[in-house]
Amino acid sequence: MYEEERLLANEITKLRLSDQPDKAIALCQQAMAQFPANSFFPKLQGDIYRQYKNSRRLHSPI
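(A) Broad picture of the overall build of the protein. For the protein, the helix and strand inventory stands at 3 helices and 0 strands. Moving toward the C terminus, one meets the helices and strands of the protein in the order α-α-α. Per element, the accessible surface of the protein, about 4200 Å² overall, is 53% carbon and sulfur.

Printed below as a string of structure tokens:
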């Protein structure tokens, strides 16, 4: 993974682990727009959705 993509992935992971799924998903969407050929970010976003699908903390639609 290129440096900028790796940095974004690390930031998304930090947000996810600090219980901020909305911010993590928003950053995933930004990363997907910025790096459309990278399949990692959609997978990561899907993992976050599944992790928080029953949580009130997630306000984004699935």
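So much for the structure itself; the text now carries on.
(B) Quick look at the pattern of salt bridges. Scanning all chains against the criterion turns up 2 salt bridges. The partner of glutamate 3 in a salt bridge is arginine 6, with the nearest N and O atoms 2.6 Å apart. Placement of the pair is glutamate 3 and arginine 6 together in helix α1 (residues 3–17), with a separation of 3 residues, close to one helical turn. With its nearest N and O atoms 2.6 Å apart, the salt bridge here joins arginine 50 to aspartate 47. With a gap of 3 residues between them, arginine 50 and aspartate 47 both fall in helix α3 (residues 40–52), about one helical turn apart.

(C) Geometry of the side chain of asparagine 38. Following the sequence through the fold, asparagine 38 ends up in the loop between α2 (21–34) and α3. By relative accessible area, asparagine 38 is classed as buried at 16%. Within polar-contact distance, the side chain of asparagine 38 engages the backbone nitrogen of phenylalanine 40 at 2.7 Å.

Conventions and cut-offs
- Residues numbered from 1 in each chain as written.
- Predicted model: local features only at pLDDT ≥ 70, side-chain atom pairs only at ≥ 80, totals over all residues.
- Heavy atoms only, no water.
- Helix = DSSP H or I, 4+ residues; strand = E, 2+ residues; numbered from the N terminus.
- Areas by Shrake-Rupley, 256 points an atom, 1.4 Å probe, with all protein chains shown as cover.
- Salt bridge = Lys/Arg side-chain N within 4 Å of Asp/Glu carboxyl O.
- Buried < 20%, exposed > 50% of the residue type's maximum accessible area, 1.4 Å probe, protein only.
- Polar contact = N/O pair within 3.5 Å; in protein donor to acceptor, adjacent residues only side chain to side chain.

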